[in-house]
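Residue-level structural notes
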Amino acid sequence: MNTLKGIILAGGSGSRLHPVTRGISKQLIPIYNKPMVYYPLSTLMLAGIREVLVITTPHEQDGFRRLLGDGSALGMSISYAAQPKPEGLAQAFLIGRDFVGADRVALALGDNIFYGAHFSDDLRRASERASGATVFAYQVRDPERYGVVEFGPDGRAVSLEEKPAAPRSPWAVTGLYFYDNRVLDIAAGLKPSARGELEITDVNRAYLAAGQLHVERLARGTAWLDTGTHTALMQASSYVQAVEERQALMVACVEEIAYRMGYIGVEELLALARAMGSSSYGTYLLHVAEGEAGHALH
């Protein structure tokens, strides 16, 4: 089976979050105690992905490079590309064509957060699917804001609509997509929509027409948060804080995930922890690393 690579789309102006995003990329804004981009990165890591392309605006790429580097500290390979102006989510496959090469690819939007007990199982199923496309559907109160999937009596997807005025179902397509290599040619053949964008819904429709679209409905206990408004940012931070305070376990801690996935060893984890030792984030990592190494806490 071809390698599965990952793309994080972290471009855009974040205009709905002005003035905050006039000075910093939206995906570098903190969600509670870590930058927003850690959440989609952690999602890709949990899917077993070790090669990631981060697509940013040209003028904000340095901030991502400072934060994530080349990924080697996490046992990964992280590279970068620029999206000069946002012309649709499917543009990611034109920009990332050379990066994907002959492999399969997962696209994660930089402002989407997923968390849930069985979410890793959902990711594993999607990552193991050798052909076709897999998208995730989530029941929402305001489906008209999203791409909407309609299901037939047998539970299979029968239609997809982008931001419909009269949605045919309450199931929104989330910002996480898994594709085989055909996505590169499908995206290259798209015509811009009425709003001048290469629509990801049109990519998914192509797979649907070929009978190759798999739609996984996320369980009720799974949280899907997008962070496009000030209120949504605050809600996401409060949610993450509540989970972490209650369980004393961190959400989307990329260093811990790298260790749990076997990308790095305990010594590398300790080094990462010590480099951030004066923060609560670093203290958490130190507890994890020292517990794993069998050291006494100090």
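Anyway, here's the lowdown on the structure attached to this text. Everything numeric in this text was worked out from a predicted model, so none of it was measured.

Quick look at the overall build of the protein
The helix and strand tally for the protein stands at 11 helices and 13 strands. For the protein, whose C-alpha radius of gyration is 19 Å, the value lies close to the compact-globule estimate of 19 Å for 298 residues. With respect to the three principal axes, the spread of C-alpha positions in the protein is 60 × 45 × 35 Å. Residues classed as buried in the protein amount to 53% of the 298 residues present. Contacts in the protein between residues at least 24 apart in sequence constitute 74% of all its contacts with a sequence separation of at least 6. When the accessible surface of the protein is totalled, it reaches about 13700 Å², and 50% of it is carbon and sulfur. Positive and negative charge centroids in the protein, built from 28 and 32 side chains respectively, lie 4 Å apart.

Quick word on helix α8 (residues 230-247)
For α8, with 18 residues, the first-to-last C-alpha span of 26 Å sits near the 26 Å given by 1.5 Å per residue. When α8 is considered as a whole, its buried residues turn out to be Ala232, Leu233, Ala236, Ser237, Val240, Val243 and Glu244. Buried positions in α8, seen along its axis, are confined to an arc of 135° and lie on one side of it. Opposite the buried face of α8, by more than 90 degrees, sit the exposed residues Thr231, Met234, Gln235, Glu245 and Arg246. Once α8 finishes, Ala248 follows within two positions and takes phi at roughly 60°, a positive value.

Brief notes about empty space enclosed by the protein
All chains considered together, the criterion is met by one cavity of 30 Å³ or more. Within this model, the largest cavity holds a volume of roughly 60 Å³. Elements with a contribution of two residues or more to the lining of the largest cavity: β6 (104-109) and β11 (171-179). For the lining of the largest cavity, the per-class residue count stands at six nonpolar, three polar and three charged.

Some remarks on the packing of helix α10 (residues 266-275) against helix α11 (residues 280-293)
In the contact formed by α10 and α11, the axes pass within 8 Å of each other and the chain directions differ by 155°. Considered as vectors, α10 and α11 are oriented roughly antiparallel to each other. Here the hand of the crossing between α10 and α11 comes out left-handed. Contacts between α10 and α11 involve Val266, Leu269, Leu270, Leu272, Ala273 and Arg274 on the former and, on the latter, Gly282, Leu285, Leu286, Val288, Ala289, Glu290, Glu292 and Ala293. Taken together, the residues of the contact of α10 with α11 break down into 10 nonpolar, one polar and three charged.

Describing the packing of aromatic side chains
Here the structure, examined in full by the defined rule, presents 11 aromatic pairs. Between Tyr115 and Tyr239, the ring centres sit 6.4 Å apart and the planes meet at 70°, which makes this aromatic pair edge-to-face. Of the two residues, Tyr115 sits in strand β7 (residues 112-115) while Tyr239 sits in helix α8, which places them 124 residues apart along the sequence. Under the relative-accessibility criterion, Tyr115 is labelled partly exposed at 26%. With relative accessibility at 30%, the residue Tyr239 sits in the partly exposed group. When the ring of Phe136 is compared with that of Phe178, the centres are 6.1 Å apart and the planes differ by 70°; the resulting orientation is edge-to-face. In this pair, Phe136 sits in strand β8 (residues 133-139) while Phe178 sits in strand β11, placing the two residues 42 residues apart along the sequence.

Some points on the side chain of Ser25
As for its placement among the helices and strands, Ser25 is situated in the loop between β1 (4-10) and β2 (30-31). The residues touching Ser25, leaving out its near neighbours within four places in the chain, are Ala10, Glu60 and Phe64.

Some words on the nonpolar core
The biggest cluster of nonpolar side chains holds 52 residues, and the ones touching the most others in it are Leu41, Val52, Leu176 and Phe178. Counting residues per element, this core draws most heavily on α11, at six residues. Sequence-distant contacts of Phe178, defined by excluding residues within four places in its chain, comprise Leu4, Ala47, Val105, Ala106, Leu123, Ala126, Ser127, Gly132, Ala133, Thr134 and Phe136. Core analysis: the second largest hydrophobic core is formed by 35 residues, Leu53, Ala92, Phe99 and Val173 among them.

Thoughts on the environment of Val135
For Val135, the location among the structural elements is in strand β8. Given the relative accessible area of 1%, Val135 is considered buried. Distance from Val135 to Cys253, taken between C-alpha atoms, is 24 Å for residues 118 residues apart in sequence. Beyond its immediate sequence surroundings of up to four residues, Val135 is in contact with Val173, Leu176, Tyr177, Asn204, Leu213, His214, Val215 and Glu216.

Overview of helix α7 (residues 200-209)
Among all positions in α7, only Ile200, Thr201, Val203, Asn204, Tyr207 and Leu208 are buried. The buried residues of α7 all sit within an arc of 155° when viewed along its axis, so they share a single face. Phi turns positive one or two residues past the end of α7, at Gly211, with a value near 70°.

Thresholds, definitions, all that
- Residues numbered from 1 in each chain as written.
- Predicted model: local features only at pLDDT ≥ 70, side-chain atom pairs only at ≥ 80, totals over all residues.
- Heavy atoms only, no water.
- Helix = DSSP H or I, 4+ residues; strand = E, 2+ residues; numbered from the N terminus.
- Rg over C-alpha atoms; globule rule 2.2 N^0.38 Å.
- Buried < 20%, exposed > 50% of the residue type's maximum accessible area, 1.4 Å probe, protein only.
- Contact = heavy atoms within 4.5 Å.
- Areas by Shrake-Rupley, 256 points an atom, 1.4 Å probe, with all protein chains shown as cover.
- Lys, Arg positive; Asp, Glu negative; His and termini not counted.
- Charge placed at Lys NZ, Arg CZ, Asp CG, Glu CD.
- Expected span 1.5 Å × (residues − 1).
- Arc of directions from axis to C-beta.
- 1 Å grid on protein atoms, 1.4 Å probe; cavity = no way out; pocket = protein on both sides within 12 Å on 5 of 7 lines; lining within 4 Å.
- Points joined across faces, edges and corners; volume = space filled by probe spheres on them.
- Nonpolar A, V, L, I, M, F, W, Y, C, P; charged D, E, K, R; others polar.
- Axes fitted to C-alpha atoms, helices over the stretch in contact; angles between N-to-C directions.
- Parallel < 35°, antiparallel > 145°, perpendicular 65-115°, else oblique.
- Left-handed = near helix turned anticlockwise from the far one by under 90°.
- Phe/Tyr/Trp six-rings, centres within 6.5 Å; stacked < 30°, edge-to-face > 60°.
- Core = buried A, V, L, I, M, F, W, Y, C linked by side-chain atoms within 4.5 Å.

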